[in-house]
Amino acid sequence: MSDKISLRKSEVKVFQSAFQDGLWDIFIGCYLLQFIFAIYLSPYLGDFWSSAVFLPIVGLLFLGLWLIKKYIVKPRLGSVQYGSWRKTRMFRFNLLMLVFLVLALVFGFLSLVEFSSIPDWMVAARFSLVVLIFFSLIAYFLNYTRMYGYGILVSLAPITGEWLHVNLGASHHGWPITFGICAGIMITTGTILFVKFLRSHPLPPDIASLNLAAE
């Protein structure tokens, strides 16, 4: 029994190493920027297309993340095959996220229908709750502990933005300010972690010599 617990703890540590390079922090931070730019595009493209136009950009960002993981991170960390416990946990996570996203879509549609009949602060509070649950699920199932902090940070963005809008006259419900700060913190944190990762994980001598020979 103790061997299984030790093995599971070791597997968790190995799985957590996938997030130590900071690339996911950068990706999520860049994704949050769409909440800022979409606001300014909405008067020209409409609410739907002002968000949909960023899908190809998000796809390119994800492709860039995958390429960096494959050609820069993986040669430094190597690869590992996870056991049945992690695979079962990931299956439950994917299933739960699918259910959650469907419920969030329905929840968002209902909010849109009654948008004119509820106060702006309540819309912000609902969105904050959805964000907090979303980030917390990711943090729990992926053992990605920084996500708890990011969840609190991002969930405060709509509420804080609404306060700035009401009390200080911030435009667009304060989202350019609050989400800009959130994105900046994530991108900066991710960049620092990625630089530290490269410094602490040099290429193995055999791969480094192979790259020099190829040049």
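For the structure itself, consult the block above.
Rules and cut-offs
All residue numbers refer to position in the chain's written sequence, counted from 1. Restriction of local features to residues with pLDDT of at least 70 applies here, the model being predicted, together with a cutoff of 80 or more for giving and counting side-chain atom pairs; totals for whole chains, interfaces and linings are based on all residues. Note that the side-chain values use all heavy atoms of the structure and ignore hydrogens as well as water. Pairing of aromatic rings covers Phe, Tyr and Trp, the last counted by its six-membered ring, and requires centre-to-centre distances within 6.5 Å; plane angles under 30 degrees mean stacked, over 60 mean edge-to-face, and any other angle means tilted. Per the convention used, a helix needs a DSSP run of H or I reaching at least four residues, while a strand needs a run of E reaching at least two, with both numbered from the N terminus. Between buried and exposed lies partly exposed: a residue is buried under 20% and exposed over 50% of the maximum accessible area for its type, with that area taken using a 1.4 Å probe on protein chains only. Note on contacts: a residue pair qualifies if any of its non-hydrogen atoms lie within 4.5 Å across the two residues. N or O atoms within 3.5 Å of each other form a polar contact, as long as, within protein, one can give a hydrogen and the other can take it, and as long as residues adjacent in sequence are counted only when both atoms are side-chain atoms. The definition of a nonpolar core used throughout is a set of buried Ala, Val, Leu, Ile, Met, Phe, Trp, Tyr and Cys residues joined through side-chain atoms within 4.5 Å. Think of each axis as a best-fit line through the C-alpha atoms, taken over the contacting stretch in the case of a helix, with angles from 0 to 180 degrees between the N-to-C directions. Each angle is binned into one of four classes, with values under 35 degrees roughly parallel, values over 145 roughly antiparallel, values of 65 to 115 roughly perpendicular, and all other values oblique. Here is the rule for handedness: rotate from the far helix to the near one, and if that takes an anticlockwise turn smaller than a right angle the crossing is left-handed, while a clockwise turn gives right-handed. Residue type decides the class: Asp, Glu, Lys and Arg count as charged, Ala, Val, Leu, Ile, Met, Phe, Trp, Tyr, Cys and Pro as nonpolar, and the leftover types, Gly among them, as polar. Only one rule defines a salt bridge in this text: a Lys or Arg side-chain nitrogen within 4 Å of an Asp or Glu carboxyl oxygen. Put simply, a patch holds well-exposed residues, over 30% relative accessible area, that have no salt bridge, with like charges counted together within 9 Å and Val, Leu, Ile, Met, Phe, Trp or Tyr side chains within 5 Å. For the accessible areas, the method is Shrake-Rupley and the probe is 1.4 Å, while residue cover comes only from the protein chains on display. What a helix is expected to span follows from its residue count: subtract one and scale by 1.5 Å.

**Digging into the packing of aromatic side chains**
Phase 1 of the analysis: One pass over the structure, following the stated rule, counts 12 aromatic pairs.
Phase 2 of the analysis: Seen in terms of ring centroids, F27 and F62 are 6.0 Å apart; in terms of plane orientation they differ by 70 degrees. Their pairing is edge-to-face. Taken together, the residues span a long stretch of sequence, with F27 in helix α2 (residues 23–32) and F62 in helix α4 (residues 55–77) at a distance of 35 residues.
Phase 3 of the analysis: In this structure F62 comes out as partly exposed when scored by relative accessible area, which is 44%.
Phase 4 of the analysis: Members of the aromatic cluster, connected to one another through ring pairs, are Y31, F35, F127, W175 and F179.

**Considerations on the environment of S155**
Phase 1 of the analysis: Along the polypeptide, S155 turns up in helix α7 (residues 146–168).
Phase 2 of the analysis: With a relative accessible area of 7%, S155 lands in the buried category.
Phase 3 of the analysis: Residues S155 and F179 lie 24 residues apart in sequence; the distance between their C-alpha atoms is 9.9 Å.
Phase 4 of the analysis: Beyond its immediate sequence surroundings of up to four residues, S155 is in contact with S128, V131 and L132.
Phase 5 of the analysis: Within the local environment of S155, its side chain forms a polar contact with the backbone oxygen of I152, the two atoms lying 2.9 Å apart.

**As for the nonpolar core**
Phase 1 of the analysis: Ranked by size, the top nonpolar core spans 28 residues in total, and within it L32, F135, I138, M147, V154 and M186 carry the most contacts.
Phase 2 of the analysis: Put simply, the parts of the chain that give this core at least two residues each are α2, α4, α5 (84–113), α6 (120–142), α7 and α8 (175–200).
Phase 3 of the analysis: Element by element, the count of residues in this core is highest for α6, at seven residues.
Phase 4 of the analysis: L32 has contacts with V154, F179, C182, A183 and M186, leaving out every residue within four places of it along the chain.

**Re the packing of α7 against α8**
Phase 1 of the analysis: Put simply, α7 and α8 touch, their axes get as near as 7 Å, and they point 160 degrees apart. If you check the angle between α7 and α8, you find them roughly antiparallel. Handedness of the α7/α8 crossing: right-handed. Each of R146, Y150, L153, V154, A157, P158, T160, G161 and L164 in α7 lies in contact with α8, whose residues at this interface are W175, I177, T178, F179, C182, I185, M186, T189 and L193.
Phase 2 of the analysis: Residues of the contact of α7 with α8, tallied by class, amount to 13 nonpolar, four polar and one charged.

**Focus: the pattern of salt bridges**
Phase 1 of the analysis: The full count for this structure, using the stated rule, is two salt bridges.
Phase 2 of the analysis: With a shortest N-O distance of 2.8 Å, D21 and K69 are connected by a salt bridge. Taken together, the positions of D21 in the loop between α1 (2–16) and α2 and K69 in helix α4 put the pair 48 residues apart, joining distant regions of the chain.
Phase 3 of the analysis: Exposure remark for D21: the relative accessible area of 0% places this residue in the buried category.
Phase 4 of the analysis: Under the relative-accessibility criterion, K69 is labelled buried at 19%.
Phase 5 of the analysis: Close ionic contact of R146 with D25 constitutes a salt bridge, the shortest N to O distance being 2.8 Å. Placement of the pair is R146 in helix α7 and D25 in helix α2, with a sequence separation of 121 residues.

**Some thoughts on the side chain of T178**
Phase 1 of the analysis: Looking at the element boundaries, T178 is found in helix α8.
Phase 2 of the analysis: A relative accessible area of 7% means that T178 is categorised as buried.
Phase 3 of the analysis: Ignoring any residue separated from it by four or fewer positions in sequence, one finds T178 in contact with A157, T160, G161 and L164.

**Some words on a nonpolar patch on the surface**
Phase 1 of the analysis: On the surface, a nonpolar cluster with roughly 770 Å² of combined accessible area is contributed by L60, F62, L63, W66, L67, Y71, I72 and L198.
Phase 2 of the analysis: No other element matches α4, which puts seven residues into the nonpolar patch.

**Structural notes on α8**
Phase 1 of the analysis: Compared with an ideal rise of 1.5 Å per residue, which puts 26 residues at 38 Å, α8 spans 37 Å between its outermost C-alpha atoms and is within 8% of the ideal.
Phase 2 of the analysis: The set of residues buried in α8 consists of P176, T178, F179, C182, A183, M186, G190, L193, F194 and F197.

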